[in-house]
Amino acid sequence: MAVVADALPFAFAFPPAHTAVMMIDMQRDFLEPGGFGETLGNDVGLLRSALPGARRLLDLAHAQGMTVIHTRECHRPDLSDCPPAKRERGEPRLRIGDAGPMGRVLIAGEPGVEIVAELPILPGDIVIDKPGKGAFYATTLGDILQERGITHLLFGGVTTEVCVQTTMREANDRGFQCLVVEDATESYFPAFKEATLDMMRAQGAIVGWTATSAQIEEAFR
Ligand code: C5J
């Protein structure tokens, strides 16, 4: 049975048994000093404003028995899944694979890739390591969603305009109904976050919907 959330640009109906929460890349490398985000010159403290909303969304999903998927952007230690074009991009202080204060930057198994301590990962949750910005590329995400009969996705995570947006667009093209939870996502550039949410829900939800975590909670009352 579907529940209905007040959302933009109009109400979003979703069946909890066929809905997954996609928590994108809430890892130390993006939210804590010394990781990938900071080496690119960003103020990583800005992303912390998404933590209360992300926690609220995860708590709701766990309480309602919804599928929860956490993704982490990272590469194999030998960098065989990291295209040189990605590693060479920009002028960071540390490149992907270099040793930093939280281990090798964006490398699977290193401390920087861990999900931040503020967010709960329960035993039934799925954790997917992904080499791309989108979570479908070179992962088993599509198969997992199909096996579970998932049709609807609720997104949180960072950053809004990079990995969240890319994954939501990939999902939309694959036929999923997608909603971004506004207070569960953040960008190093507040204007980019707002622009991303605007462009997704424009033209009658051309890519998807947006709502607050409170509006998603309210759908269950
Ligand atoms: C970035 C991400 N911004 N998770 N990754 O490089 O959005």
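For the structure itself, consult the block above.
Residues numbered from 1 in each chain as written. Predicted model: local features only at pLDDT ≥ 70, side-chain atom pairs only at ≥ 80, totals over all residues. Heavy atoms only, no water.

This part takes up helix 6 (residues 160-173). End to end, helix 6 covers 18 Å across 14 residues, agreeing with the expected 20 Å (1.5 Å per residue, within 8%). Those residues of helix 6 that fall on the buried side of the exposure criterion are T160, E161, C163, V164, Q165, T167, M168, E170 and A171. Remark: G175 follows helix 6 within two positions and exhibits a positive phi of approximately 95°. (Helix = DSSP H or I, 4+ residues; strand = E, 2+ residues; numbered from the N terminus. Expected span 1.5 Å × (residues − 1). Buried < 20%, exposed > 50% of the residue type's maximum accessible area, 1.4 Å probe, protein only.)

Taken together, 6 strands build an open sheet; the order of strands is 7-4-3-8-9-10 and the sheet is parallel. Each having just a single partner strand, strand 7 (126-130) and strand 10 (209-211) make up the two edges of the open sheet. Averaged over all adjacent pairs, the angle separating strand axes in this sheet is 25°, with direction ignored. Strand direction decides the pairing type here: strand 4 (residues 67-73) and strand 7, joined by 5 bridges, are parallel. Bridge assignment links I69 to a residue of strand 7, and that residue is I126. Sheet contacts for helix 7 (residues 190-205): strand 9 (177-186) and strand 10; angle to strand 9, the most-contacted strand, approximately 155°. (Pairing = 2+ DSSP bridges. Axes fitted to C-alpha atoms, helices over the stretch in contact; angles between N-to-C directions. Contact = heavy atoms within 4.5 Å.)

Core analysis: the largest hydrophobic core is formed by 43 residues, its most contacted members being M26, L179 and I216. Counting only elements with at least two residues in this core, the list comes to strand 1 (3-5), strand 2 (12-14), strand 3 (19-24), helix 1 (28-31), helix 3 (51-64), strand 8 (152-158), strand 9 and strand 10. It is helix 3 that contributes the most residues to this core, 6 residues altogether. Excluding anything up to four places from it in sequence, I216 contacts A5, F14, L60, L154, L179, V181 and A211. (Core = buried A, V, L, I, M, F, W, Y, C linked by side-chain atoms within 4.5 Å.)

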